[in-house]
Amino acid sequence: GAVVSQHPSRVICKSGTSVKIECRSLDFQATTMFWYRQFPKKSLMLMATSNEGSKATYEQGVEKDKFLINHASLTLSTLTVTSAHPEDSSFYICSAKPPGQYTEAFFGQGTRLTVV
Amino acid sequence: KQEVTQIPAALSVPEGENLVLNCSFTDSAIYNLQWFRQDPGKGLTSLLLIQSSQREQTSGRLNASLDKSSGRSTLYIAASQPGDSATYLCALPQTSGSRLTFGEGTQLTVNP
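Residues numbered from 1 in each chain as written. Chains lettered and ligands numbered in written order. Predicted model: local features only at pLDDT ≥ 70, side-chain atom pairs only at ≥ 80, totals over all residues. Heavy atoms only, no water.

*Asks:* An account of the interface of chain B and chain A is requested, with residue identities and associated values reported.
*Replies:* Between chain B and chain A, the contact holds 21 residues from the first and 20 residues from the second. Summed over both partners, the interface of chain B with chain A buries about 1700 Å², with 53% contributed by carbon and sulfur atoms. Across the chain B-chain A interface, the total number found is 1 salt bridge. The salt bridge involving Glu59(A) is made with Arg99(B); its shortest N-O contact spans 3.3 Å. Our count for the contact surface shared by chain B and chain A stands at 7 residue pairs in polar contact (both at pLDDT 80 or more). (Contact = heavy atoms within 4.5 Å. Buried area = accessible area lost by both parts, 1.4 Å probe. Salt bridge = Lys/Arg side-chain N within 4 Å of Asp/Glu carboxyl O. Polar contact = N/O pair within 3.5 Å; in protein donor to acceptor, adjacent residues only side chain to side chain.)

*Asks:* Describe the pairing of strand 9 (residues 90-96) of chain A, and please don't skip the residues or the numbers.
*Replies:* All names here are of chain A. Across the 7 residues that make up strand 9, a large majority, 7, are buried. Burial of strand 9 is two-sided: the residues Ser90, Tyr92, Cys94 and Ala96 facing one way and the residues Phe91, Ile93 and Ser95 facing the other way are all buried. In the sheet, strand 4 (residues 32-38) pairs with strand 9 via 6 bridges, with the strands oriented antiparallel. In the strand pairing of strand 9, tryptophan 35 is matched with cysteine 94. (Buried < 20%, exposed > 50% of the residue type's maximum accessible area, 1.4 Å probe, protein only. Helix = DSSP H or I, 4+ residues; strand = E, 2+ residues; numbered from the N terminus. Pairing = 2+ DSSP bridges.)

*Asks:* For the state of the cysteines, give the residues involved together with the corresponding values.
*Replies:* According to the stated counting rule, one finds 2 disulfides over all chains in the structure shown. Through a disulfide, Cys23(A) is tied to Cys94(A); the S-S separation comes to 2.0 Å. As the torsion about the S-S bond is roughly 80 degrees, the Cys23(A)-Cys94(A) disulfide counts as right-handed. Of this pair, Cys23(A) sits in strand 3 (residues 19-25) while Cys94(A) sits in strand 9, and the two are 71 residues apart along the sequence. Residue classification places Cys94(A) among the buried positions, given a relative accessible area of 0%. One disulfide in the model links Cys23(B) with Cys90(B); its S-S distance is 2.0 Å. Looking down the S-S bond of the Cys23(B) and Cys90(B) bridge, the torsion is 80 degrees, so its handedness is right-handed. You can see Cys23(B) sitting in strand 3 (residues 19-25) and its partner Cys90(B) sitting in strand 9 (residues 86-93), a full 67 residues away along the chain. The same class applies to Cys23(B) as to Cys90(B), namely buried. (Disulfide = S-S within 2.5 Å.)

*Asks:* Break down the layout of surface pockets for me, citing the residues and quoting the values.
*Replies:* Computed from the structure, the largest pocket encloses a volume of approximately 490 Å³. Lining the largest pocket we find 20 residues, and of these Gln38(A), Lys41(A), Gln38(B), Thr87(B) and Gln107(B) sit closest to its centre. Sorting elements by how many residues they give to the lining of the largest pocket places strand 9 of chain B first, with 3 residues. The class makeup of the residues in the lining of the largest pocket is 7 nonpolar, 7 polar and 6 charged. Here the second largest pocket is characterised by a volume of approximately 310 Å³. Leu44(A), Met45(A), Arg99(B), Thr101(B) and Phe102(B) are, among the 17 residues lining the second largest pocket, the residues nearest its centre. A per-class count over the lining of the second largest pocket returns 7 nonpolar, 4 polar and 6 charged. (1 Å grid on protein atoms, 1.4 Å probe; cavity = no way out; pocket = protein on both sides within 12 Å on 5 of 7 lines; lining within 4 Å. Points joined across faces, edges and corners; volume = space filled by probe spheres on them. Nonpolar A, V, L, I, M, F, W, Y, C, P; charged D, E, K, R; others polar.)

*Asks:* Explain the sheet that holds strand 1 (residues 4-7) of chain B to me, using residue names and the numbers behind them.
*Replies:* Residue and element names in this part refer to chain B. With antiparallel pairing, 5 strands are arranged side by side in an open sheet as 1-3-8-7-6. Of all strands in the sheet, those with a lone pairing partner are strand 1 and strand 6 (56-59), marking the two edges. Strand-to-strand twist across the sheet, computed as the mean angle between neighbouring axes with direction ignored, equals 15 degrees. Of the pairings in the sheet, the one linking strand 1 to strand 3 comprises 4 bridges and is antiparallel in character. In the sheet register, valine 4 faces strand 3, and the bridge partner there is phenylalanine 25. (Axes fitted to C-alpha atoms, helices over the stretch in contact; angles between N-to-C directions.)

This is the structure in structure tokens:
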């Protein structure tokens, strides 16, 4: 199947710093990618939809100035957590879908962010 | 708004047993339904994708069925193995190409 690569898999940062997470579709072009957040023992919560060449669409309650999304190419979307705080510690997962109405979604390996 | 429910939330079975995981959804106007597996601390692995026009899909020991009229899908795992232990999630797109709505998942433990 198609491959979505997410990097880094783990990151520890100090409060107040920013962290960038990359999501790449390795063998297909993705005009749309999705960023999810997952709390312990919970399902995935959509944060935003990343659109290539335009602004991301954020879900209600997600601070767009805190979670900056850039989708500069058809194979790369980045999520930057700005001025991170301990409550931002979580598991972040990206998803991409090959073009076509009936294609399946593929997910990255996830990034475990710990803010100390 | 589509709502997805998975029952049971957790399941523990002895090795070798056949088992069924359930997924129900409230809006039957779906494009497809996807089953995923998630190991602790890892991303999601796509297991099976069923299109709305299909009734079932099979991959190895896995068989997923879809009944749109009743808003249900099941994931059947035959001859379960300890390596099958993981959380299983079902998800549906809201519209074509859109984001997925997930169930809460079923945490499966297969005991040797």
